[in-house]
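Close look at the chain arrangement
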Amino acid sequence: MRVTVEQSRCLGAGRCEQLAPEVFRQDEEGLSRVLVPEPDPASWPRVLQTVDLCPVQAVLIDEGPGRAPQDTK
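On a predicted model such as this, the values are computed, not experimentally measured, just so you know.

**Looking at the overall build of the protein**
The number of helices and strands found in the protein is two helices and four strands. For the protein, the α and β elements follow one another from N to C terminus as β-α-β-β-α-β. The proportion of buried residues among the 73 residues of the protein is 30%. Long-range pairs, those at least 24 residues apart, make up 58% of the contacts in the protein between residues at least 6 apart in sequence. Here the protein displays about 4400 Å² of accessible surface, and carbon together with sulfur accounts for 49% of that area.

**Notes on the state of the cysteines**
Overall, the coordinates contain zero disulfides when judged by the stated rule. Among the cysteines around Cys10, which has no disulfide bond, Cys16 carries the closest sulfur, lying 6.3 Å off. Exposure remark for Cys10: the relative accessible area of 13% places this residue in the buried category. Cys54 takes part in no disulfide bond, and the closest cysteine sulfur, belonging to Cys10, lies 6.6 Å away.

**Here's the deal with the pattern of salt bridges**
If you walk through the whole model with that rule in mind, you get five salt bridges. The partner of Arg2 in a salt bridge is Glu38, and the shortest N-O contact between them spans 3.1 Å. Here the residue Arg2 occupies a position in strand β1 (residues 2-5), and Glu38 occupies one in the loop between β3 (32-34) and α2 (44-53), the gap between them amounting to 36 residues. Arg2 sits in the partly exposed class, given a relative accessible area of 37%.

**Description of α2**
For α2, the full list of buried residues reads Trp44, Val47 and Thr50. For α2, the arc enclosing every buried residue in end-on projection is 115 degrees, short of the 170-degree limit, so these residues lie on one face. For α2, the elements touching its buried residues are β1, α1 (15-19), β2 (24-26) and β4 (59-62).

About the thresholds
Residues numbered from 1 in each chain as written. Predicted model: local features only at pLDDT ≥ 70, side-chain atom pairs only at ≥ 80, totals over all residues. Heavy atoms only, no water. Helix = DSSP H or I, 4+ residues; strand = E, 2+ residues; numbered from the N terminus. Buried < 20%, exposed > 50% of the residue type's maximum accessible area, 1.4 Å probe, protein only. Contact = heavy atoms within 4.5 Å. Areas by Shrake-Rupley, 256 points an atom, 1.4 Å probe, with all protein chains shown as cover. Disulfide = S-S within 2.5 Å. Salt bridge = Lys/Arg side-chain N within 4 Å of Asp/Glu carboxyl O. Arc of directions from axis to C-beta.

Okay, structure coming up:
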């Protein structure tokens, strides 16, 4: 699975960086960027929380073939 941030939606609320700073970082414009597109299993609960808490649904998960998010716990 991979995590991405859709830049055209991001408004820079910063919740993703607050919840998972090892995965997300705000750039010089205040928009979120993904530092680690394929986070380690320990980070996934917080990454999935950012998906739920993003006010504009800019944090996206590409499950790809195989595992579903709940399989990473």
